[in-house]
Amino acid sequence: MRKIYRYALAFMMIGASLSLQSCEDYFDLHENPNLVSNPPLNAMLSTTTQKTGLNSQRIAATTSFYVQYVASPVAGNGTDTYQVTDLTGTWDAIYLAMADIYDMKQKGLEEGASDYVGVANIMMAYHLNLIIDHWGDAPYSQAFDNTTLTPGFDPAQDLYAEAMRLLDEGIAELNKTDSRIPLRDEDDLIHGGDKTKWIRTAYAFKARMLNKVSKLSSYDPNAVLTAVDNSLQSNADDADMDVFAVRNPWAQIAQNNTQLVLGGWLSEQFVDHLNGTTYGVVDPRLSRITDPTDPKFSLDPYIGTPNGVGNVGPRNNTDRDEVYISRNSPLTGDLSPIIIVSYAEMKFVEAEAAFRAGDRDRAYAAYIAGITAHMNKLGVPEGERNAYLNNPAVGVGAANLTLDLIFKEKYVVTYLNAEAWVDARRYDYQYADFTLPVGADIPTFIRRVAYPQGEASKNPNTPDSPVLSERLWWDI
């Protein structure tokens, strides 16, 4: 009954808040009598937590091509082959969510609701990272104060520092015990009103951010480890969102694929990463991620699609002769949550930082724990899980652990997560057998996305987009 109420409340508030007041600031200053000008905090929380989950998926829907989790069934597809694509819809969705988050924070401050201020800070920091990890410089300091329709673009490094400050402030606000309005389970679509989990999520975002600068002289693995220690403690702490109008958007892509609106085809790179082709060991998670090919058309149960090539199976696109995102997977089923940040991912952040700090024993323990946690989340039986962990290509021991193995396993854990593209760039795309898409529009791996046409058309401060091979400040 509580779950039904939660869904009903979420959609009532989401429908009523299309959108909150400051959405007028940056996007439209005209009065709209259909907007709710003063929604209650609980409606704001439902709206912003849902948008945070959906925006995580929106970004990953593009970047999952870049890290070759998915491939287009059409040869030469623009996203697949690093062509400039217009991401106005994604950019606007992120900024609309940030405007709502900004309003929630202001209302929380006015009403002495420190819990809401803390959560708003954490979600704002997350959205800022989505922007700076993909576009770089972006509007922020002038974006939500109702003074201009053409805000300036703040330097990405300043936004990184601001996101870190927001996380620290969010943690401090949530540690207060005098919030006049507490978080409620049914309104919080990410953590069900659990302040402890929100604090752990803030530390998880800090750990990501501190680890992101691994190429810079400022990188401090011990600071990363401190953040990890205070972050997610088990799979139960994962930050995820599972309230949808119809179904999980990955499941919707899979459903559309069955209706010949083609998409969600798994890349040959990712499938070969798991099926034994690349590493000589079959990963049991493969069967929990996708459905096998139809044996009528192929004796090979798992065949991926090469990026840039399109459908290569012997049959036409109506036959399952290659593998796709599955509605039967715990990660992409109709009611599966969108995972924003997970405990399993944090174990690999820990493994990398500990390895760089010279603590091989801690790094190896975290590496094993990350694989274990992810397999448990996918429901891999204990026998299959242990067989994989005991395979000499996986269970190498602390003395033989390498960064390559850590990145190899983390690549599986971040399947369809926006953070995977950050890792690929930090790792310089050094995954085994990882190659440019066939017909790539640039001669090197993609490093950024172009500023959206919608923003450039209305804001003269929008920078000219550099070539997509140009590296962002943290990706030197």
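If you're wondering where the values come from, they're calculated on a predicted model, not measured in any experiment.

### Regarding the packing of helix 12 (residues 343-356) against helix 13 (residues 360-378)
At their nearest, the axes of helix 12 and helix 13 sit 8 Å apart, and the two run at 165° to each other. The orientation of helix 12 relative to helix 13 falls into the category roughly antiparallel. Seen from above, helix 12 lies across helix 13 with left-handed handedness. Taking contact as the criterion, the partners of Y343, A344, K347, F348, E350, A351, A354 and F355 in helix 12 are, on helix 13, R360, R362, A363, A366, Y367, A369, G370, I371, A373 and H374.

### Here's the deal with the confidence of the model for the chain
Averaged over every residue, the pLDDT of the chain is 92; residues scoring 70 or more account for 90%. Here residues 1-34 is modelled with pLDDT under 50, and outside its nearest four sequence neighbours on either side it reaches 75 contacts, counting other chains as well.

### Examining empty space enclosed by the protein
Taken as a whole and judged by the stated rule, the model has five cavities of 30 Å³ or more. For the largest cavity, the lining is made up of 16 residues, of which L331, I339, Y415, L416 and N417 are closest to its centre. Those elements that provide at least two residues to the lining of the largest cavity are strand 4 (338-341), helix 12 and helix 13. By residue class, the composition of the lining of the largest cavity is nine nonpolar, five polar and two charged. Here the second largest cavity defines a volume of roughly 160 Å³. Y126, N129, D133, R208 and E419 are the residues nearest the centre of the second largest cavity, which is lined by 13 residues in total. Elements represented by at least two residues in the lining of the second largest cavity include exactly helix 5 (114-134) and helix 7 (195-212). For the lining of the second largest cavity, the element with the most residues is helix 5, which contributes six residues. Residue classes in the lining of the second largest cavity are distributed as six nonpolar, three polar and four charged.

### A short note on the environment of S64
With respect to the helices, strands and loops of the structure, S64 is situated in helix 3 (residues 41-66). In this structure the C-alpha to C-alpha distance between S64 and K51, which are 13 residues apart in sequence, comes to 19 Å. Leaving out residues up to four positions away in the same chain, S64 has contacts with Y69, V70, W250 and L416.

### Focus: helix 5
An ideal rise of 1.5 Å per residue puts 30 Å on 21 residues; helix 5 measures up with 31 Å between its terminal C-alpha atoms. The positive-phi residue at the C-terminal boundary of helix 5 is G136, with phi of around 100°.

### Overview of a nonpolar patch on the surface
A contiguous nonpolar surface patch, about 210 Å² in accessible area, is contributed by V309, V312 and V438. Mapped onto the secondary structure, V309 falls in the loop between helix 11 (286-289) and strand 4. According to the relative accessible area criterion, V309 is partly exposed, its value standing at 31%.

### Regarding the layout of surface pockets
In this model, the second largest pocket occupies a volume close to 270 Å³. Around the second largest pocket sit 17 residues that line it, and A61, F65, I253, G263 and G264 are the ones nearest its centre. For the lining of the second largest pocket, the secondary structure elements donating two or more residues are helix 3, strand 1 (70-71) and helix 9 (249-258). Looking at the lining of the second largest pocket, the element that brings in the most residues is helix 3, giving three residues.

### Let's talk about the pattern of salt bridges
All told, the structure shown has 36 salt bridges when counted by the stated rule. Between D428 and R471 there is a salt bridge, with the nearest N and O atoms lying 3.3 Å from each other. Of this pair, D428 sits in the loop between helix 16 (419-426) and helix 17 (453-458) while R471 is found in the segment after helix 17, placing the two residues 43 residues apart along the sequence. For R471, a relative accessible area of 39% translates into the label partly exposed. One connected set of salt bridges, linked through shared partners, spans K215, D428, R447, R471 and D475.

### Focus: the nonpolar core
In globular proteins that are soluble, nonpolar side chains generally tend to be buried together. Ranked by size, the top nonpolar core spans 138 residues in total, and within it Y69, M98, M104, W135, L266, Y367 and Y415 carry the most contacts. It is helix 5 that contributes the most residues to this core, 12 residues altogether. When near neighbours in sequence (up to four residues on either side) are disregarded, W135 contacts I59, L87, T90, W91, I94, L130, R448, V449, A450, Y451, P452 and L472.

### Quick notes on the environment of W135
Along the polypeptide, W135 turns up in the loop between helix 5 and helix 6 (156-174). According to the relative accessible area criterion, W135 is buried, its value standing at 0%. Spatially, the C-alpha atom of W135 lies 9.3 Å from that of P452, the residues being 317 residues apart in sequence. A polar contact is formed between the side chain of W135 and the backbone oxygen of A450, at a distance of 2.9 Å.

### Some words on helix 9
Regarding helix 9, the residues found buried are P249, W250, A251, A254, Q255 and N257. Lining the buried residues of helix 9 we find helix 3, strand 3 (265-266) and strand 4. One side-chain oxygen at the N-terminal end of helix 9 lies 2.7 Å from the backbone nitrogen of W250; it belongs to N248. Immediately downstream of helix 9, the backbone of L260 shows phi near 70°, a positive value.

Basis of the calculations
Residues numbered from 1 in each chain as written. Predicted model: local features only at pLDDT ≥ 70, side-chain atom pairs only at ≥ 80, totals over all residues. Heavy atoms only, no water. Axes fitted to C-alpha atoms, helices over the stretch in contact; angles between N-to-C directions. Helix = DSSP H or I, 4+ residues; strand = E, 2+ residues; numbered from the N terminus. Parallel < 35°, antiparallel > 145°, perpendicular 65-115°, else oblique. Left-handed = near helix turned anticlockwise from the far one by under 90°. Contact = heavy atoms within 4.5 Å. pLDDT = per-residue confidence, 0-100. 1 Å grid on protein atoms, 1.4 Å probe; cavity = no way out; pocket = protein on both sides within 12 Å on 5 of 7 lines; lining within 4 Å. Points joined across faces, edges and corners; volume = space filled by probe spheres on them. Nonpolar A, V, L, I, M, F, W, Y, C, P; charged D, E, K, R; others polar. Expected span 1.5 Å × (residues − 1). Patch = residues over 30% accessible without salt bridge, like charges linked within 9 Å, V, L, I, M, F, W, Y side chains within 5 Å. Areas by Shrake-Rupley, 256 points an atom, 1.4 Å probe, with all protein chains shown as cover. Salt bridge = Lys/Arg side-chain N within 4 Å of Asp/Glu carboxyl O. Buried < 20%, exposed > 50% of the residue type's maximum accessible area, 1.4 Å probe, protein only. Core = buried A, V, L, I, M, F, W, Y, C linked by side-chain atoms within 4.5 Å. Polar contact = N/O pair within 3.5 Å; in protein donor to acceptor, adjacent residues only side chain to side chain.

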